[in-house]
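Each chain, letter by letter, is given below.
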Amino acid sequence: MTTTHIPVIAIDGPTASGKGTVAHRVADKLGFHYLDSGALYRLTALSALRRGTSLTDEHALAKLAEHMACSFTGGDIILAHENVTDAIRAEEVGNTASRIAALPAVRQALFGLQLGFRKTPGLVADGRDMGTVIFPHAPLKVFLTASVAARAERRYKQLIEKGISANMEDLLMDLQARDDRDTHRAIAPLVPAEGAHVLDTSQMTADQAVEQVLKWYAAEVK
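Note that the coordinates shown come from a computational prediction; the quantities given were computed from them, not determined experimentally. (Residues numbered from 1 in each chain as written. Predicted model: local features only at pLDDT ≥ 70, side-chain atom pairs only at ≥ 80, totals over all residues. Heavy atoms only, no water.)

## So, the UniProt feature "binding site: ATP" (unreviewed entry) in the protein
Move 1: When the UniProt feature table is mapped to this numbering, "binding site: ATP" (unreviewed entry) covers Gly13, Pro14, Thr15, Ala16, Ser17, Gly18, Lys19, Gly20 and Thr21. Of the residues named above, Thr15, Ala16, Ser17, Gly18, Lys19, Gly20 and Thr21 line the largest pocket.
Move 2: As for its placement among the helices and strands, Ala16 is situated in the loop between strand E1 (8-12) and helix H1 (19-30).
Move 3: Beyond its immediate chain neighbours, meaning those up to four positions away, Ala16 contacts Arg151, Arg154 and Arg155.
Move 4: Within the secondary structure, Gly20 is located in helix H1.
Move 5: For Gly20, a relative accessible area of 26% corresponds to the partly exposed category. (UniProt positions renumbered as here; feature names shortened; annotations may be inferred. 1 Å grid on protein atoms, 1.4 Å probe; cavity = no way out; pocket = protein on both sides within 12 Å on 5 of 7 lines; lining within 4 Å. Helix = DSSP H or I, 4+ residues; strand = E, 2+ residues; numbered from the N terminus. Contact = heavy atoms within 4.5 Å. Buried < 20%, exposed > 50% of the residue type's maximum accessible area, 1.4 Å probe, protein only.)

See below:
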């Protein structure tokens, strides 16, 4: 059964641009389902690191992605009955996810899984290629961005609040390296989708960003 009639809000952007927080709140406001596509890559990365799977073995990584037993329950992310919500936010996992996201076989393995989140009454999906690859015909596409300094500060606060040690200089270097990989990879590079609204959140609160996205959506559905 076709799902193309179900509305999708695609929110893309680099790490720590605020897309996850904004997308989750927009979904709550509208009563829509929510997809954190980056979590799927982080889950694959976490599984690979735990199993000792080589990050150059594209076939093995794709099999891990294809057969993951994962679910999103409320604000929790479950992998094989284990709550890994905090575990997948570790910097090593994030950097690994960025590396394996450049592998075509891994992306293909997760493609159908992501499409399956499109259910009534609607979906808010955040990631790096939601508007360009996964949901290119979404009625509303948003690209959130922010300065590297602002994103590093947000990431630092997130990690400290979770009791995870962090170094600002290291975070800046990691974000710059991740941005470079994401924007220059051959497969689905991180760029604003055609027709996307670009929103710089460097000086905005999450509530302000949510309000703007909701205004854009209201204008789209009129």
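## Considerations on the environment of Val8
Move 1: Looking at the secondary structure, you find Val8 in strand E1.
Move 2: Judged by its relative accessible area of 0%, Val8 falls in the buried class.
Move 3: Considering only alpha carbons, one finds Val8 and Asp86, 78 residues apart in sequence, at a separation of 27 Å.

## Quick notes on helix H5 (residues 104-115)
Move 1: Relative to the 16 Å expected for 12 residues at 1.5 Å per residue, H5 spans 17 Å between its end C-alpha atoms, a close match to the ideal helical length.
Move 2: Considered for burial, the residues of H5 that qualify are Val106, Arg107, Leu110 and Gln114. Each buried residue of H5 lies within a common arc of 90° when the element is viewed along its axis, so the set occupies one face. (Expected span 1.5 Å × (residues − 1). Arc of directions from axis to C-beta.)

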